[in-house]
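Examining the three-dimensional arrangement
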Amino acid sequence: TALMGDSVTLYLARERREAAACVVAIDEDDDGGIYAVATRPPSRRRGLASALMRRALTDARRRGCRTSSLQASQSGFGVYESLGYRDVCAIHVWEHQPAI
């Protein structure tokens, strides 16, 4: 399923009528940004995120995007590398946890 807005597209894979995986694509100029790639645990390792990513990249190309970029966790590297992404830099993420 693909739900489209002006520059945002949500891709959703379902299993037994339940959301199983998702990808959000946001166009910014000629770059198709990829965000919120997720697969629920029972649906992992079935190629759902890869299939959604391939569809999102194909659609972005059709919309005129020349590049695609994303931020990835270590667990997603294999999926993204298999789709042709390459690691260009590291971003450090800081998290604040309030004192209990």
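So, a few notes on the structure that sits alongside this text.

What counts as what
Residues numbered from 1 in each chain as written. Predicted model: local features only at pLDDT ≥ 70, side-chain atom pairs only at ≥ 80, totals over all residues. Heavy atoms only, no water. Helix = DSSP H or I, 4+ residues; strand = E, 2+ residues; numbered from the N terminus. Contact = heavy atoms within 4.5 Å. Areas by Shrake-Rupley, 256 points an atom, 1.4 Å probe, with all protein chains shown as cover. Core = buried A, V, L, I, M, F, W, Y, C linked by side-chain atoms within 4.5 Å. Buried < 20%, exposed > 50% of the residue type's maximum accessible area, 1.4 Å probe, protein only. Salt bridge = Lys/Arg side-chain N within 4 Å of Asp/Glu carboxyl O. Polar contact = N/O pair within 3.5 Å; in protein donor to acceptor, adjacent residues only side chain to side chain.

1. Some remarks on the overall build of the protein chain
Looking only at helices and strands, the protein chain has two helices and five strands in total. Along the protein chain, helices and strands appear, N-terminal first, in the series β-β-β-β-α-β-α. In terms of overall dimensions, the protein chain has a C-alpha envelope of 50 × 35 × 25 Å along the principal axes. Considering only contacts in the protein chain between residues 6 or more positions apart, those separated by 24 or more positions represent 43%. About 7,600 Å² of surface is accessible on the protein chain, with carbon and sulfur atoms providing 51% of the total.

2. A word on unusual backbone geometry
One non-glycine residue, aspartate 29, adopts positive backbone phi at about 60°. By secondary structure assignment, the location of aspartate 29 is in the loop between strand E3 (18–28) and strand E4 (31–39). The phi dihedral of arginine 45 falls on the positive side, at around 70°, and the residue is not glycine. Take arginine 45: it is sitting in the loop between E4 and helix H1 (48–62).

3. With respect to the nonpolar core
Core analysis: the largest hydrophobic core is formed by 15 residues, its most contacted members being Tyr11, Val23, Ile34, Leu52, Met53 and Tyr85. For this core, the leading source of residues is H1, giving five residues. Discounting chain neighbours no more than four positions away, the residues touching valine 23 are Thr9, Leu10, Tyr11, Ile34, Tyr35, Ala36, Val37, Ala49, Leu52, Met53 and Ala56.

4. Section: the pattern of salt bridges
Enumeration according to the criterion identifies seven salt bridges in this entry. In this structure, glutamate 18 and arginine 40 form a salt bridge, with 3.0 Å as the shortest nitrogen-oxygen distance. Within this pair, whereas glutamate 18 is found in strand E3, its partner arginine 40 is found in the loop between E4 and H1, the two being separated by 22 residues in sequence. In this structure, a network of salt bridges that share partners links the residues Glu15, Glu18, Arg40 and Arg46.

5. Some words on the environment of aspartate 87
You can see aspartate 87 is positioned in the segment after helix H2 (77–82). Taking relative accessible area as the criterion, aspartate 87 reaches 54% and is therefore assigned exposed. Polar contacts involving the side chain of aspartate 87 include one to the main-chain amide nitrogen of cysteine 89, which spans 3.5 Å.

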